[in-house]
Amino acid sequence: MTYATHVLRHSKKIGSSSNLIRRDSAVLVRWFSNGTRSSMEKGDDILRCQSGLVSGERHNIPKSFNRCYSGSAVSNNSCRTVSPRMSFGNALRTTIAPCTSTGSVSFIRRSQAPSRRGFSTASDLPPHQAIGMPSLSPTMTEGNIARWLKKEGDKVSPGEVLCEVETDKATVEMECMEEGYLAKILHGDGASSIKVGEVIAVTVEEEDDIAKFKDYQPSTSDATPSPKAPASPPPPKEEVAEKPVTPSQPKVSKPSAADRIFASPLARKIAEDHNIPLTNIKGTGPEGRIVKADIDDYLASRGKEAPAAAPKADTSLDYMDIPVAQIRKVTASRLLLSKQTIPHYYLTVDTCVDKLIELRSKLNSLQEASGGKKLSVNDLVIKAAALALRKVPQCNSSWTNDYIRQYHNVNINVAVQTDNGLYVPVVRDADKKGLSTISEEVKNLAQKAKENSLKPQDYEGGTFTVSNLGGPFGIKQFCAIINPPQSAILAVGSAEKRVLPGSSEGQYKFASMMSVTLSCDHRVIDGAIGAEWLKAFKGYIENPESMLL
């Protein structure tokens, strides 16, 4: 009897297999884990087992099922212990322990800290859970261990903080999701450049098992698998070019391999982020397709070649090599991407801030009387920029290749310089908040940035950035680099006294002038639109009372 005939003969019986799952899930799990029998033989057994369960005749169950039905190991080593309380629908949350060295079963439980429950084929390692480096931000590909709050041998419970992970933008606490004991720490305090998914620690359920992981080293099977590249779409249909062409149709030539480069979407994105031409990479995927692993290999080889190409340092010079922090790496990558892919242009305008300074003095007197914090010039600049974005919403947008996304929320990123690098925390809905609220939020965010304790929600979601080097450093005027995916950034210089022409000929006056420069993405903001935004901004700065309306 052919295989097709066999399938057709049993198709109706297989359709009612839900009865088997509902009545005796342990039997079905045991059948799937028995890897020594052929698929056709398993099909006969499950159908005979189903028939016996539905009719209530237990003796119709094959012997192979009877051996596993009791939930205990047997002498022929063909099955593994299954907890009697396990249900098939809840199998992902159930521990299955191997009772022989012939194989093992692993179930993955997803949590905030990526982990994988591992079961070694060796008898000296009990069931354990490998905890991988989590992905704690959209742009994170690797992270650092700032410090461990638990040490080896400590008991851990759900919700307790295991360690502090330094991401590409901040330091985030990683919580434990399951109860157990921390058996092994593979990357200690200060460990850096740990890839997302790489095993950083191991936990066990029993305290007596901790000592067995003293010399534990993760294997490929123990590590949490890294995200795979999306399944490659089917190649474009090109059979038309190979079919006979009628006289009325032009001859269509099939594109050659040199004319087309096949790559997975993930590989294309990584190559674009690192400015890597796909023509420089040889694909190892199906039919020469470029996959993520090819990009990683290229980056690794390029990193190894860089030191060889670099000139040797002069031994007569006294110098010190400073390790690059993760935040500085990310900042460098994003700024390089911005300058290479965004067509910048710059608009500068001088604004008179005499009335702004006078209003600030009056408001600070009220703040002191009520016990509030003083307002800074930068607080009023942020408010003026937010109101100008509401008046000229085209500048509150992003370029996405297929369309321009215009935001309804006005979220202002504020550049903050720290010893670790440049941070840009965000003030959300700045156009709707009062000056005192903006001032308090900026001070709190700046303090968090200096303490390296910003959370992802503190810096994600900005639509426009303000960078002020005038007040703190006295820089007169500068041009800032756009923070992608935003389309504009405002560079604020210092205020200085200038001599200006008076209202009549021969008369002069003194005024405090502040230069500001708007960097624009020309794909989104045309020159006239950028000038219109600066006009609105200047109006709020020179008539600050209008910001209070």
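Scoring rules and cut-offs
- Residues numbered from 1 in each chain as written.
- Predicted model: local features only at pLDDT ≥ 70, side-chain atom pairs only at ≥ 80, totals over all residues.
- Heavy atoms only, no water.
- Helix = DSSP H or I, 4+ residues; strand = E, 2+ residues; numbered from the N terminus.
- Buried < 20%, exposed > 50% of the residue type's maximum accessible area, 1.4 Å probe, protein only.
- Contact = heavy atoms within 4.5 Å.
- Areas by Shrake-Rupley, 256 points an atom, 1.4 Å probe, with all protein chains shown as cover.
- Patch = residues over 30% accessible without salt bridge, like charges linked within 9 Å, V, L, I, M, F, W, Y side chains within 5 Å.
- Salt bridge = Lys/Arg side-chain N within 4 Å of Asp/Glu carboxyl O.
- Core = buried A, V, L, I, M, F, W, Y, C linked by side-chain atoms within 4.5 Å.
- UniProt positions renumbered as here; feature names shortened; annotations may be inferred.
- Pairing = 2+ DSSP bridges.

Check the secondary structure of the protein chain and you find 15 helices and 19 strands. The burial tally for the protein chain puts 40% of its 549 residues in the buried class. Considering only contacts within the protein chain whose residues lie at least 6 apart along the sequence, 59% involve residues at least 24 apart. In the form shown here, the protein chain has an accessible surface area of approximately 31100 Å², with 53% of it arising from carbon and sulfur atoms.

Taken together, the side chains of Val499, Tyr508 and Phe510 present a nonpolar region at the surface, about 400 Å² in accessible area. Relative to the helices and strands, Val499 is located in strand S18 (residues 488–501).

Now for the pattern of salt bridges. Within this structure, the stated rule accounts for 19 salt bridges. Of the charged contacts in the structure, one is a salt bridge between Lys150 and Glu160, with a shortest N-O distance of 3.2 Å. You can see Lys150 sitting in the loop between strand S3 (142–148) and strand S4 (155–156) and its partner Glu160 sitting in the loop between S4 and strand S5 (161–166), a full 10 residues away along the chain. A residue is classified by how much of its surface remains accessible, and Lys150, at 19% relative accessible area, is buried. With a shortest N-O distance of 3.7 Å, Arg390 and Asp431 are connected by a salt bridge. Of this pair, Arg390 sits in helix H11 (residues 377–391) while Asp431 is found in the loop between strand S16 (426–427) and helix H12 (435–450), placing the two residues 41 residues apart along the sequence. Here the salt bridges share partners, and the residues they tie into one network are Asp350, Lys476, Glu496 and Arg498.

A few words on the nonpolar core. With 54 residues, the main nonpolar core has Ile412, Phe464, Leu490, Trp533 and Phe537 as its most contacted residues. Counting residues per element, this core draws most heavily on H11, at nine residues. Leu490 has contacts with Val381, Phe464, Thr465, Val466, Ser467, Val516, Thr517, Leu518, Trp533, Leu534 and Phe537, leaving out every residue within four places of it along the chain. Residues Met133, Val165, Leu182 and Ile200 belong to the second largest nonpolar core, which totals 19 residues.

This paragraph deals with the UniProt feature "domain: Peripheral subunit-binding (PSBD)" (unreviewed entry) in the protein chain. Under the feature "domain: Peripheral subunit-binding (PSBD)" (unreviewed entry), the UniProt entry names residues 262–299. Along residues 262–299 one finds 45% helix and 0% strand; the C-alpha atoms at either end are 19 Å apart.

The antiparallel open sheet is built from four strands, whose spatial order is S6-S5-S3-S8. Both outer strands of the open sheet, strand S6 (171–175) and strand S8 (194–195), are each paired with one neighbouring strand and no more. As paired elements, S3 and S5 share four bridges and run antiparallel to each other. Among the inter-strand pairings, Arg147 is bridged to a residue of S5, identified as Glu164.

Let us now look at unusual backbone geometry. The step from Pro484 to Pro485 runs through a cis peptide bond, and the omega angle for that step is 10 degrees. Here Pro485 shows up in the loop between helix H14 (470–473) and S18. Of note in the backbone geometry, Ser193 takes a positive phi value of approximately 55 degrees without being a glycine. Of note, Ser193 is situated in the loop between strand S7 (180–185) and S8. The phi torsion at Asp429 lies on the positive side, around 50 degrees, for a residue other than glycine. Inspection of the secondary structure assignment puts Asp429 in the loop between S16 and H12.

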